[in-house]
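# Geometric and topological summary
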Protein chains: 4
Amino acid sequence: MSETYNIAVLVGSLRKESLNRKTAQTLIAVAPASLKLEIVEIGGMSLYNQDLDATAPADWAAFRNKVRPVDAVLFVTPEYNRSVPGVLKNAIDVGSRPYGHSVWDGKPAGVVSVSPGAVGGFGANHHLRQSFVFLNMPAMAQPEAYIGHADKLFDEAGTMTNDGTKKFLGTFMESFAAWVAIHKKKS
Amino acid sequence: MSETYNIAVLVGSLRKESLNRKTAQTLIAVAPASLKLEIVEIGGMSLYNQDLDATAPADWAAFRNKVRPVDAVLFVTPEYNRSVPGVLKNAIDVGSRPYGHSVWDGKPAGVVSVSPGAVGGFGANHHLRQSFVFLNMPAMAQPEAYIGHADKLFDEAGTMTNDGTKKFLGTFMESFAAWVAIHKKKS
Amino acid sequence: MSETYNIAVLVGSLRKESLNRKTAQTLIAVAPASLKLEIVEIGGMSLYNQDLDATAPADWAAFRNKVRPVDAVLFVTPEYNRSVPGVLKNAIDVGSRPYGHSVWDGKPAGVVSVSPGAVGGFGANHHLRQSFVFLNMPAMAQPEAYIGHADKLFDEAGTMTNDGTKKFLGTFMESFAAWVAIHKKKS
Amino acid sequence: MSETYNIAVLVGSLRKESLNRKTAQTLIAVAPASLKLEIVEIGGMSLYNQDLDATAPADWAAFRNKVRPVDAVLFVTPEYNRSVPGVLKNAIDVGSRPYGHSVWDGKPAGVVSVSPGAVGGFGANHHLRQSFVFLNMPAMAQPEAYIGHADKLFDEAGTMTNDGTKKFLGTFMESFAAWVAIHKKKS
């Protein structure tokens, strides 16, 4: 019997009709059975401030407690101003502290960037990867996922209707499952 | 009679004894008389969410109103996880929206990264610069300012006691004044 | 009478039918009259080696002598392996040395990245910009130029037939002329 | 009996007394017995030009033939103009082509950046990592290795005399051996 892995999915956009959230839901739908994926919400979190480390806001503790037990993390993110959205970077910063108690340490990471433009969030995708190095998160290299023109991929109900992209996301998730298994072999 | 320019200073760390805030205060102290610098606070700002564009939180409007009228912006930032702190990136994101109403457009930018480590915030410094390209902020190239070992530069009152660094920051601000003047000539 | 500026154009691909060379030729064709543009060849240059600084290969000297007198530099580059082609980076390295005698110092820079793919050379474009900071080259921010699907833009004679892109490149060159003039005012 | 792995070491500087070459030799000296490391020379290689794919220069073929059979690659590089030296990037470009025949595909990578300055080659280190993503090279995250002030680490014979750095490099190589083993398990 094969192993299963718990994966936290972080979505870098807060708006209700977010193309990134829809893409995250598609990724969850097409993932192989070995991955149990759940979106961990990052909206409404207090801004990181080291002075609060000793008396952390409840939202920080709640977020850390959700991420700490998972086996790996999948980031689905738009690009804001050619980099990672502040809201997502703040969640990463909160999870990385206090010093020595990062919830990210050693967890394999995958990243999918999603954008209505042609470039597909390349800038956000690679800025995230630079953080993964420091956070000690082994990051899957291939396939890269820059999902451009994302406003053309879904129907009104939010279901991905573009078969080529859907198939690609399935391939991506199979590769990610293999990546997680290599780094988190449990047996 | 020479012109004067109003400069917003953004500090990327929220903690009270922040080395970045102390460096910002030093930069203000050593700046040439042509620059009128003021720190614009970024703590306590709501996370950017496009759904709120029509009914923006009061803190967004207050921040935008402080940045919009200035001539240029000076960023003083630590590096969090090899990139820009979420709190600073969120302020940038808030200022850049709604689409077409960015407060950053055309404003010359300078960046000083500050860190207790040796690398001096290089990762945050250059990730910020990538955003400046999109935001249409002409960014001063030289001198670059990576202030490392910053925990060794101040006395207990927060005054910079390292003469070499203080002199360098003076040179930096003279270059920045010239950079602002080139791009914002008023006469 | 308005001033004119001499601009070196560097093309980051050596192949004869290079989409980048064709784009460079288009940029030259649509440039305003104030810019005198000339491609400076970078093929066949010896690899940079500091041991040769005192007895520099003739090709290094020839390259430096062509770039030194110009007013500004326009880079037109593909992306190789998500970064700047080695051949172009080598030319930049050669021009930057010996220490203290860089031919790039103070010259305004523009960058156009060109690719048959959708992402339009974003990675090369921004890696180049990181070098510009060190080289003290004020780099134009907007408009950014990521020319994707470039294999669809030209006819068999190498003439750009896509009117939208051609018009955009004209706008780009007008902005670049203004950028050069700001930084190199001669009067 | 434990497995052994063959590792190609690429040195990003060509000068004879290169601090990077000395560091590479130190890394080889302190490596665990499971790693068989050999420097693959990149000097004197022809600049990559796609037009030559069909009639590749002998130096390209020789380089590719040395890298293709190894299990993993260790990059030791200086920073030139805040990025990867052209000479090293050219070697990477040559190894990545012709399309579909990359010698890098699937090989685990490690990177050590070395500089006489304080910043320790951070810019080159992370630009290399961006290429690894495209090249499908799983890159070790931690420990990061930014070796600054490298001109102070060696005696006149080129032996590393700084015990702290030497010990750190030993730790780095043990982690790299584990990283290679995870991705290249042979049994």
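The structure under discussion appears in the preceding block.
Everything numeric in this text was worked out from a predicted model, so none of it was measured.

Criteria and thresholds
- Residues numbered from 1 in each chain as written.
- Chains lettered and ligands numbered in written order.
- Predicted model: local features only at pLDDT ≥ 70, side-chain atom pairs only at ≥ 80, totals over all residues.
- Helix = DSSP H or I, 4+ residues; strand = E, 2+ residues; numbered from the N terminus.
- Rg over C-alpha atoms; globule rule 2.2 N^0.38 Å.
- Contact = placed C-beta atoms within 7 Å.
- Buried ≥ 20, exposed ≤ 12 C-beta atoms within 10 Å, placed from the backbone.
- Nonpolar A, V, L, I, M, F, W, Y, C, P; charged D, E, K, R; others polar.
- Pairing = 2+ DSSP bridges.
- Axes fitted to C-alpha atoms, helices over the stretch in contact; angles between N-to-C directions.
- Expected span 1.5 Å × (residues − 1).
- Least-squares fit on C-alpha atoms with pLDDT ≥ 70 in both.
- Left-handed = near helix turned anticlockwise from the far one by under 90°.
- Arc of directions from axis to C-beta.

Bringing the overall build of chain A into the picture now. Regarding its fold elements, chain A presents five helices and five strands. Tracing chain A from N to C terminus, the helices and strands come up as β-α-β-α-β-α-β-α-β-α. Relative to a compact globule of 187 residues, whose C-alpha radius of gyration would be 16 Å, chain A shows 16 Å and is just as compact. With respect to the principal axes defined by its C-alpha atoms, chain A has extents near 50 × 45 × 30 Å.

All names here are of chain B. Within the secondary structure, Lys 184 is located in the segment after helix H5 (163–183). Expressed as a C-alpha distance, the spacing of Lys 184 and Gly 106, which sit 78 residues apart in the sequence, is 9.1 Å. In contact with Lys 184, not counting residues within four places along its chain, are Tyr 5, Asp 71, Ala 72 and Pro 108.

Bringing unusual backbone geometry into the picture now. C:Pro98 follows C:Arg97 through a cis peptide bond whose omega is 0 degrees. Of the consecutive residues C:Gln142 and C:Pro143, the connecting peptide bond is found in the cis state with omega at 0 degrees. One can find C:Pro143 in the loop between helix H4 (122–135) and strand S5 (146–147). One non-glycine residue, A:Asn81, lies in positive phi territory at about 55 degrees. For A:Asn81, the location among the structural elements is in the loop between strand S3 (72–77) and helix H3 (86–95). For A:Asn81, a count of 24 C-beta atoms within 10 Å corresponds to the buried category.

On to the interface of chain A and chain B. In this assembly, 29 residues from chain A lie in contact with 29 residues from chain B. Taken together, the elements giving at least two residues each to the side of chain A that touches chain B come down to H3 and helix H4 (122–135) of chain A. Of all the elements, H4(A) adds the most residues to the side of chain A that touches chain B, at seven residues. In the side of chain A that touches chain B, the residues fall into 11 nonpolar, 12 polar and six charged.

This part is about the sheet that holds strand S1 (residues 5–11) of chain D. Residues and elements named next belong to chain D. Overall, parallel pairing links the five strands, which are arranged S2-S1-S3-S4-S5 in an open sheet. Among the strands making up the open sheet, the edge pair consists of strand S2 (35–39) and strand S5 (146–147). Packing of helix H5 (residues 163–183) onto the sheet brings it into contact with S1, S2, strand S3 (72–77), strand S4 (109–114) and S5, and relative to S4 it is tilted by some 160 degrees.

Residues and elements named next belong to chain D. Its 14 residues place the ends of helix H4 (residues 122–135) 20 Å apart at the C-alpha level, agreeing with the 20 Å of an ideal helix rising 1.5 Å per residue. Burial analysis of H4 places 13 of its 14 residues in the buried class, the great majority of the element. Immediately beyond the C-terminal end of H4, within one or two residues, lies Asn 136, with a positive phi of roughly 60 degrees.

What follows is about the relation of the copies chain C and chain A. Each copy of the sequence occupies a distinct position, and chain C is placed on chain A by a rotation of 180 degrees and an axial shift of 0.0 Å, giving an RMSD of 0.0 Å. The superposition operator between the copies reduces to a two-fold rotation axis. Residue C:Val119, judged by its C-alpha, is the member of chain C lying nearest the rotation axis, at 2.2 Å. Comparing interface residues between copies, 100% of those in chain C also sit at the interface in chain A, which points to an isologous, same-surface contact.

This part takes up the relation of the copies chain A and chain B. Mapping chain A onto chain B leaves a residual RMSD of 0.0 Å; the transformation is a rotation of 180 degrees accompanied by 0.0 Å of translation along its axis. Both copies present the same face, since 100% of the interface residues in chain A are matched by interface residues at the equivalent positions in chain B.

Listed by partner, the interface residues are seven residues for chain C and seven residues for chain A. Split by residue class, the side of chain C that touches chain A holds four nonpolar, three polar and no charged.

All right, on to the packing of helix H1 (residues 19–30) of chain A against helix H5 (residues 163–183) of chain A then. All names here are of chain A. Between H1 and H5, the least distance of the axes is 9 Å, while the angle of their chain directions is 65 degrees. Judged by the twist between their axes, the crossing of H1 over H5 is right-handed. Counting all contacts with H1, which are made through Thr 26, Leu 27 and Val 30, the residues of H5 involved are Lys 166, Leu 169, Gly 170 and Met 173. Of the residues in the contact of H1 with H5, the class split is four nonpolar, two polar and one charged.

Moving on: H5(D). Residues and elements named next belong to chain D. Between its first and last C-alpha atoms H5 spans 30 Å; for 21 residues at 1.5 Å apiece the expected length is 30 Å, and the two agree. For H5, the complete set of buried residues consists of Thr 165, Leu 169, Phe 172, Met 173, Phe 176, Ala 177, Trp 179, Val 180 and His 183. With its buried residues spanning 165 degrees around the axis, H5 presents them on a single face. Of the exposed residues in H5, the ones pointing more than 90 degrees away from its buried face are Asp 163, Gly 164, Lys 167 and Thr 171. Buried positions along H5 lie against S1, helix H1 (19–30), S2, S3, S4 and S5.

For the rest of this paragraph, the subject is the sheet that holds strand S2 (residues 35–39) of chain A. Note on sheets: strands pair through backbone hydrogen bonds, and any given pair is parallel or antiparallel. All names here are of chain A. If you walk across this open sheet you meet the five strands as S2-S1-S3-S4-S5, and the pairing is parallel. Here the strands that pair on one side only, and so sit at the sheet edges, are S2 and strand S5 (146–147). Inspection of the sheet shows strand S4 (residues 109–114) paired to S5 by two bridges, in the parallel sense. Counted as the bridge partner of Val 114 is Ile 147 from S5.

None of the figures reported here should be taken as evidence of function without further support.
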